[in-house]
Amino acid sequence: APTPRALLCGLLAAAAVAAAEGGRALPQLSDDIPFRVNWPGTEFSLPTTGVLYKEDNYIIMTTVDKEKYKCILPLIASGNEEEEKDYKGPTPGELLEPLFKQSSCSYRIESYWTYEVCHGKHIRQYHEEKETGQKINIQEYYLGNMMIKNPLSEPDQEEKENPKESAKEIPTKNIEGQMTPYYPVEMGNGTPCSLRQNLPRSSTMMYICHPEAKHEILSVAEVTTCEYEVVILTPLLCNHPKYRFRASPVNDIFCQSLPGSPLKPHNLEQLEKQQEMMKMPFRRVKEEEMHSTKEEKFSSIHKPVAVGSHQLLTVGTTHISKLTDDQLIKEFLSGSYCFHGGVGWWKYEFCYGKYVHQYHEDKESGKTSVVVGTWSKEEHIEWSRKNAARTYYLREDGTQTVRMVSHFYGNGDVCDLTDKPRQVTVKLKCKESDSPHAVTIYMLEPHSCQYILGVESPVICKILDTADEYGLLSVPS
């Protein structure tokens, strides 16, 4: 029996073949465009809002059991190509000019540093400490001063005069798993960097369109020593079609059964029942958690952060309250209290000693889950024989203490790119914070479908020293 994913690939491949034989040309298939197969039956009206459909844009699919379905495909072409080609409005630099002329500033507060971006003027990171009395000591670095000539400013001007220039490639950055166009503004002349022969620090400000933003700093990343990338969300760029925010709707494929065929293929029904049975133990835990008062015990504040030059997936910071340290540690180590993180399409759920899940919740279609990794003590121990399960740092008094433990979660859902199960290394790290119950989660994908989940919290500081030779933790005695 085909898996739902294989069935979907078959539908899209068949549609591509149909297009090649004289039908409508389909865009290149990509995992950036999500699809979902629906089985609505014959009494069904195509949606009139959102993704577009045409009655004659369909293919006939036949299963191995000779069941026949008429599958109506969405028109996934964006329809923005003509708009982009005909655009004669202001350039990106002109759209952002009011922001630079207002001398307005944006701020981002992290656990130690505060970042200040005064648009077109400077970017500064600083930390304030109150000393005895009312004296305030400020530690600060300028990461860039004064706008250098924008690398796209000349092409912007030429674009109006020479239509060929409009085909120039606009740079993109992976934001929340989607390649997003940005407008770069270079800033140099920052505080001298001692690690680079006192060369001045410099930054690239990456302005991206977000219709609901208020010029927030999405992330600050040090991509090489003393060179930074700063992503800023602004609605001003959204007036330019090439930078416009595009949500990725789920593209529904509607497969209607033809006379003599069941509503849904028999083999698919059987497969879905098997999958539901396999999920039952997890579902029971989740339902119990939903009905408990645990949801009232924490509030979530998401703070996306870029980490190094790795592909960024997502970060979330959760502040937990009304749980004692002892209770929280016991529930966390037993796997009954799970940490959640994520700010974009995908969210992440980490249950210690159980699993790491990636999921998306939608009001209409419910919850879509991907298993990133599941826990097997035996597999982790085997992994720990070849990898460092514990790392240490030296205290000032000469004694060692555990800085971080790493755990291997394998046997996730099979990855389309590698045909191998997904796997994740979970890195649990001590992180001091003013908020004793803050938990920061970030997810990286250094290789296709091989992930790193970073979990940092003051709570973890209390249990790291219990780690055994395999990095396994226990409740402090």
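Taking an unreviewed UniProt entry as the reference, the protein is identified by name as Endoplasmic reticulum lectin belonging to Chroicocephalus maculipennis. Its UniProt record, at the heading Subcellular location (unreviewed entry), says of the protein: "Endoplasmic reticulum lumen". Turning to the protein, the UniProt record has this under Sequence similarities (unreviewed entry): "Belongs to the OS-9 family."

On to the side chain of Thr180. With respect to the element layout, Thr180 can be found in strand β9 (residues 178–181). If sequence neighbours within four positions are ignored, Thr180 has contacts with Pro171, Thr172, Lys173, Ile175 and Ile208.

Now for the nonpolar core. Core analysis: the largest hydrophobic core is formed by 30 residues, its most contacted members being Phe350, Leu428, Leu453 and Val455. Among the secondary structure elements, those contributing two or more residues to this core are α6 (325–334), β20 (347–351), β24 (400–410), β25 (423–430), β26 (438–447), β27 (450–457) and α8 (458–461). When neighbours within four sequence positions are excluded, Phe350 is seen to be in contact with Phe332, Cys338, Phe339, Tyr355, Val356, Tyr409, Val426, Leu428, Leu453 and Val455. Within the second largest apolar cluster, 23 residues are counted, among which are Leu99, Trp113, Ile170 and Tyr228.

Positive phi outside glycine occurs at Asn198, with the angle close to 60°. Considering the arrangement of structural elements, one finds Asn198 in the loop between β11 (192–193) and β12 (199–200). Although it is not a glycine, His215 adopts a positive phi angle of roughly 65°. Mapped onto the secondary structure, His215 falls in the loop between β13 (202–209) and β14 (217–224). The exposure class assigned to His215 is buried, which follows from its relative accessible area of 19%.

For the rest of this paragraph, the subject is the packing of aromatic side chains. Counting across every chain of the model gives 12 aromatic pairs. When the ring of Phe332 is compared with that of Phe339, the centres are 4.8 Å apart and the planes differ by 20°; the resulting orientation is stacked. The pair Phe332 / Phe339 is uniform in exposure class, with both members buried. A centroid spacing of 6.0 Å and a plane angle of 75° characterise the contact between Phe350 and Tyr409, whose relative ring orientation is edge-to-face. You can see Phe350 sitting in strand β20 and its partner Tyr409 sitting in strand β24, a full 59 residues away along the chain. When its relative accessible area of 1% is taken as the criterion, Phe350 is described as buried. The class of Tyr409 is buried, set by a relative accessible area of 0%. What links up through ring pairs into an aromatic cluster is the set Phe332, Tyr337, Phe339, Phe350, Tyr352, Trp375 and Tyr409. For the cation-ring pair, Lys70 lies above Tyr58, with the distance from its terminal atom to the ring centre recorded as 4.7 Å.

The rules behind each value
Residues numbered from 1 in each chain as written. Predicted model: local features only at pLDDT ≥ 70, side-chain atom pairs only at ≥ 80, totals over all residues. Heavy atoms only, no water. UniProt positions renumbered as here; feature names shortened; annotations may be inferred. Helix = DSSP H or I, 4+ residues; strand = E, 2+ residues; numbered from the N terminus. Contact = heavy atoms within 4.5 Å. Core = buried A, V, L, I, M, F, W, Y, C linked by side-chain atoms within 4.5 Å. Buried < 20%, exposed > 50% of the residue type's maximum accessible area, 1.4 Å probe, protein only. Phe/Tyr/Trp six-rings, centres within 6.5 Å; stacked < 30°, edge-to-face > 60°. Lys NZ or Arg CZ within 6 Å of the ring centre and 35° of its normal.

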